[in-house]
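Inside the fold
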Amino acid sequence: MNQKNTAASTADPEDVARFSAVAAEWWDMQGPFAPLHKFTPVRLALIREWLGDHFALSETDVRPFDGLKFLDIGCGGGLISEPLTRMGAAVTGIDADPLTIGTARLHAGQTGLEIDYRACLAEDLAAEMPGAFDVVIASEVIEHVADPALFASSLAKLVRPGGAVFVTTLNRTMRSLLFGKLAAEYVLRWVPAGTHDWRQFLTPEELRALLTEAGLAMAEKTGIRFDPLGDSFERSSDLAINYAMLAVRPESA
């Protein structure tokens, strides 16, 4: 596990600057975040299914998350925050970059959605609002942070006892190096070169260990694969490149 600095902070200044440079392009379907737009449907499907099972929610309700407080960490321009809000959740979205938060606020305002967007770090919000959320989302974030252990600890502190934490990230394998890093950045040019540092990718075993050490219990996991024929992402039994996990905070915690 590579960490770029030794300070007690999850912020990686290089990554924050890299995303800040393209902050205005979050909602450009052909821009640098186009892969995340394609990735969003499978993320939402997993969130709805797994949280529906965990909280015993309706499978048919168009607003299944009514009454639940969600935190979207590393929310970017709001690609997950907005649909979760439409599904009834009271969403707080945080990001380390103020320009990105500005883009998220602008787009939410244009679409008439009320989302509490804040420019802050997970560990700072955890100190301010411990146990404040029913669900904490950290999708495609932990591979960018400077201190994964502090980040995992912050996730556990932010979710209430009985609540759930949903994480997606990239595995550290040769296949993820070839396809998730080199092909995505230099061949297909899905994302700008330098977006990912393969050394910061976590294996499922490493992520599970971090979450367990933070006091969370593993509940679900699945792989996610890209279907080139459908030009979309779908769940898979193969965790070698992308994968998702759901962990819960025990009621007694």
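Notes on the structure follow. Everything quoted here is computed from the prediction, not taken from an experiment.

**Regarding the overall build of the protein**
Regarding its fold elements, the protein presents eight helices and eight strands. Relative to its length of 253 residues, the protein is compact, with a C-alpha radius of gyration of 17 Å against a globular reference of 18 Å. The C-alpha extent of the protein, read off along each of the three principal axes, is 45 × 40 × 35 Å. Counting the 253 residues in the protein, one finds 55% classified as buried. In the protein, the share of contacts with a sequence separation of at least 24, taken over all contacts with a separation of at least 6, comes to 70%. Element-wise, carbon and sulfur atoms account for 56% of the exposed surface of the protein, whose accessible area totals about 11,000 Å². Charged side chains in the protein number 22 positive and 34 negative. The centres of these two groups are separated by 2 Å.

**Description of the pattern of salt bridges**
In total, this model carries 12 salt bridges according to the counting rule given. A salt bridge links R18 to D15; its shortest N-O distance comes to 2.3 Å. One end of the pair is R18 and the other is D15, both in helix 1 (residues 13–20) and three residues apart, which spans about a single turn. Take D15: its relative accessible area is 5%, and that puts it in the buried class. Close ionic contact of R160 with D134 constitutes a salt bridge, the shortest N to O distance being 2.5 Å. Note that R160 is positioned in strand 5 (residues 159–170) and D134 in strand 4 (residues 133–139), a separation of 26 residues in sequence. Judged by relative accessible area, which is 25%, R160 ranks as partly exposed. With relative accessibility at 11%, the residue D134 sits in the buried group.

**Structural notes on the nonpolar core**
Grouped together as the largest cluster of nonpolar side chains are 32 residues, with contacts concentrated most on I47, L51, F65, F70, L84, I137 and F166. Mapped by element, the contributors of at least two residues to this core are helix 2 (34–55), helix 4 (98–110), strand 4, strand 5 and strand 8 (242–248). If you tally residues by element for this core, the top one is helix 2, at eight residues.

**Focus on the side chain of T203**
Mapped onto the fold, T203 is located in the loop between helix 7 (174–187) and helix 8 (204–213). Apart from the residues within four sequence positions on either side, T203 is in contact with N171, R172 and Y243.

**Section: the environment of W50**
Secondary-structure assignment places W50 in helix 2. The class of W50 is buried, set by a relative accessible area of 4%. Along the sequence, W50 and L36 sit 14 residues apart, while their C-alpha atoms lie 20 Å from each other. The contacts of W50, once residues within four sequence positions are left out, are F166, E220, K221, T222, A244, M245 and L246.

**Comments concerning the pairing of strand 1 (residues 69–73)**
Two faces make up the sheet, and in a regular strand the side chains alternate between them. Burial analysis of strand 1 places four of its five residues in the buried class, the great majority of the element. Here strand 1 pairs with strand 4 via three bridges, running parallel. When the sheet's bridge partners are listed, D72 is paired in strand 4 with I137.

**Quick notes on the pairing of strand 7 (residues 232–236)**
Looking at chain direction, strand 6 (residues 217–227) and strand 7 are connected through five bridges and run antiparallel. Looking across to strand 7, one finds that R225 is bridged to E234. Between strand 6 and strand 7, which pair antiparallel one after the other, the connecting turn spans four residues, and D231 there sits at a positive phi close to 50°.

Quick notes on the rules
- Residues numbered from 1 in each chain as written.
- Predicted model: local features only at pLDDT ≥ 70, side-chain atom pairs only at ≥ 80, totals over all residues.
- Heavy atoms only, no water.
- Helix = DSSP H or I, 4+ residues; strand = E, 2+ residues; numbered from the N terminus.
- Rg over C-alpha atoms; globule rule 2.2 N^0.38 Å.
- Buried < 20%, exposed > 50% of the residue type's maximum accessible area, 1.4 Å probe, protein only.
- Contact = heavy atoms within 4.5 Å.
- Areas by Shrake-Rupley, 256 points an atom, 1.4 Å probe, with all protein chains shown as cover.
- Lys, Arg positive; Asp, Glu negative; His and termini not counted.
- Charge placed at Lys NZ, Arg CZ, Asp CG, Glu CD.
- Salt bridge = Lys/Arg side-chain N within 4 Å of Asp/Glu carboxyl O.
- Core = buried A, V, L, I, M, F, W, Y, C linked by side-chain atoms within 4.5 Å.
- Pairing = 2+ DSSP bridges.

In short, geometric facts, not functional conclusions.
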